[in-house]
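# Understanding the architecture of this molecule
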Amino acid sequence: MQTFAIDGQQMTYRDQGTGPVLVFGHSYLWDSTMWAPQIEVLSQHYRCIVPDFWAHGGSDSAPIATRSLRDYADNVLALLDHLQIEKFAMIGLSVGGMWGAELALKAPARATALVLMDTFLGYEPEVLHTKYFAMLDTLRDQQQVPAALIDMITPLFFRRDGQLHNPQLVSNFRDYLSSLQGDRAIAVSDMGRMVFGRRDTFDDIEQLTLPTLIMSGMEDNPRPPLEAQLMHDAIDGSEYVLIPDAGHISNLEQPQFVTEQLQRFLNNVLAA
């Protein structure tokens, strides 16, 4: 892991491999290690840059000036400028796709391709907005994730009967939620407000012309395939792939399938 300072706050990131640059964005409540199965393969042909979202992984809490996902996209652009990276393809899952789209919109001449996985670029639906903000209030007020909330959050990230299919993956995620305490819990809650209070980018993404792959776990509960279909309809020329037997963290539940789809897409669009 390496670090980059923005307004006095340390962002941690992985920089692995050589070749055309891929920038990865991970899910809320996860970190850059989430992409390990894909990085292991793709870093053999690409340079993989994987920042930890603020208050996740090794990154500090967000700088005061970072108040939205658009601001965070500026933070990542600053990192890429620091690394003297001009061109990049963006691969984002969940919130990684949300700020990844903002990054592509901010730097259309630099972004070569976009992959949106298990994400949604419109407003958070009102019912879910209310539900998630209530959870974030609990996290902030109690400065921890109580057991009842862990039981509510965990199933959101996995396919049905996820505990049977990937017991260690689910157990590790529960352990992470249990470990959130004090100021860190407050910082994670603040980032959640940034995620679930995001702006609607649909009018903007209709202007995207770069090659775009949209993938969704067939059993993704918080970001169902219907949302992926709406984005596919909005982005002209985009490709849409359903991931079988996968929930929200589809790249870890079906790592081989996802990696193969990424290899195929990137080989086609970056071959030139």
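Here, the structure is the one placed above.
Attention in this report is confined to the structure presented alongside it. (Residues numbered from 1 in each chain as written. Predicted model: local features only at pLDDT ≥ 70, side-chain atom pairs only at ≥ 80, totals over all residues. Heavy atoms only, no water.)

Moving on to the overall build of the chain. Across its full length, the chain holds twelve helices and eight strands. Taking 272 residues into account, the globule formula puts the C-alpha radius of gyration at 19 Å, and the chain, at 17 Å, falls close to it. A total of 272 residues make up the chain; the buried ones form 54% of that total. Long-range contacts, defined as pairs at least 24 residues apart, comprise 75% of the intrachain contacts of the chain with a sequence gap of at least 6. Just so you have it, the chain exposes about 11500 Å², and 49% of that area is on carbon and sulfur atoms. Charge-centre separation for the chain: the mean point of 18 positive side chains lies 2 Å from the mean point of 34 negative side chains. (Helix = DSSP H or I, 4+ residues; strand = E, 2+ residues; numbered from the N terminus. Rg over C-alpha atoms; globule rule 2.2 N^0.38 Å. Buried < 20%, exposed > 50% of the residue type's maximum accessible area, 1.4 Å probe, protein only. Contact = heavy atoms within 4.5 Å. Areas by Shrake-Rupley, 256 points an atom, 1.4 Å probe, with all protein chains shown as cover. Lys, Arg positive; Asp, Glu negative; His and termini not counted. Charge placed at Lys NZ, Arg CZ, Asp CG, Glu CD.)

Here we take up helix 3 (residues 95-106). Compared with the 16 Å implied by 1.5 Å per residue over twelve residues, the 17 Å span of helix 3 between its first and last C-alpha is a close match. The buried fraction of helix 3 amounts to ten of the twelve residues, a majority that puts the element mostly inside the structure. Of all the residues in helix 3, the buried ones are Val 95, Gly 96, Gly 97, Met 98, Trp 99, Gly 100, Ala 101, Glu 102, Leu 103 and Ala 104. Of the surrounding elements, those touching the buried residues of helix 3 are strand 3 (21-25), strand 4 (47-51), helix 2 (69-82), strand 5 (88-93), strand 6 (111-117) and helix 8 (182-196). (Expected span 1.5 Å × (residues − 1).)

Across the sheet, which stays open at both edges, the eight strands sit in the order 1-2-4-3-5-6-7-8 with mixed pairing between neighbours. Every other strand in the sheet has two partners, leaving strand 1 (2-6) and strand 8 (239-243) as the edge strands with one partner each. For this sheet, the mean inter-axis angle between neighbouring strands, taken without regard to orientation, is 20°. Here strand 5 pairs with strand 6 via six bridges, running parallel. Across the sheet, Ala 89 pairs through a bridge with Ala 113, a residue of strand 6. The strands that helix 3 touches are strand 3, strand 4, strand 5 and strand 6; relative to strand 5, the one it contacts most, it runs at about 150°. The strands touched by helix 12 (residues 255-269) are strand 3, strand 5, strand 6, strand 7 (212-217) and strand 8; relative to strand 8, the strand with the most contacts, the crossing angle is about 165°. (Pairing = 2+ DSSP bridges. Axes fitted to C-alpha atoms, helices over the stretch in contact; angles between N-to-C directions.)

Our next topic: the packing of aromatic side chains. Summed over the entire model, instances satisfying the criterion amount to eleven aromatic pairs. On the numbers, 5.1 Å between centres and 55° between planes, the contact of Phe 24 with Trp 35 is tilted. In this pair, Phe 24 is assigned in strand 3 and Trp 35 in the loop between strand 3 and helix 1 (36-42), connecting sequence segments eleven residues apart. Since its relative accessible area comes to 0%, Phe 24 is described here as buried. Judged by relative accessible area, Trp 35 falls into the buried class, the value being 0%. (Phe/Tyr/Trp six-rings, centres within 6.5 Å; stacked < 30°, edge-to-face > 60°.)

Attention shifts here to the environment of Gly 96. Structurally, the position occupied by Gly 96 is in helix 3. C-alpha of Gly 96 to C-alpha of Thr 12: the two residues are 84 residues apart in sequence and 15 Å apart in space. Aside from chain neighbours lying at most four places away, what touches Gly 96 is Gly 25, His 26 and Met 90.

Relative to strand 2 (residues 9-16), strand 1 runs antiparallel, the two being bridged by five bridges. Paired with Ile 6 across the strands is Gln 9, a residue of strand 2. Linkage of strand 1 to strand 2, two consecutive antiparallel strands, is achieved through a turn of two residues, within which Asp 7 is found at a positive phi near 50°. As paired elements, strand 2 and strand 4 share four bridges and run antiparallel to each other. If you follow Arg 14 over to strand 4, its bridge partner there is Val 50.

For the rest of this paragraph, the subject is the pattern of salt bridges. Side chains that differ in sign of charge can pair as their charged atoms come close. Under the criterion given, the structure shown has 15 salt bridges. For Arg 193, the salt bridge is made with Asp 137, and the minimal N-O distance between the two is 2.3 Å. Of this pair, Arg 193 sits in helix 8 while Asp 137 sits in helix 4 (residues 126-142), and the two are 56 residues apart along the sequence. Classification of Arg 193 by relative accessible area gives partly exposed; the value is 24%. Where Arg 199 meets Asp 204, a salt bridge forms, and the shortest distance between an N and an O atom there is 2.8 Å. (Salt bridge = Lys/Arg side-chain N within 4 Å of Asp/Glu carboxyl O.)

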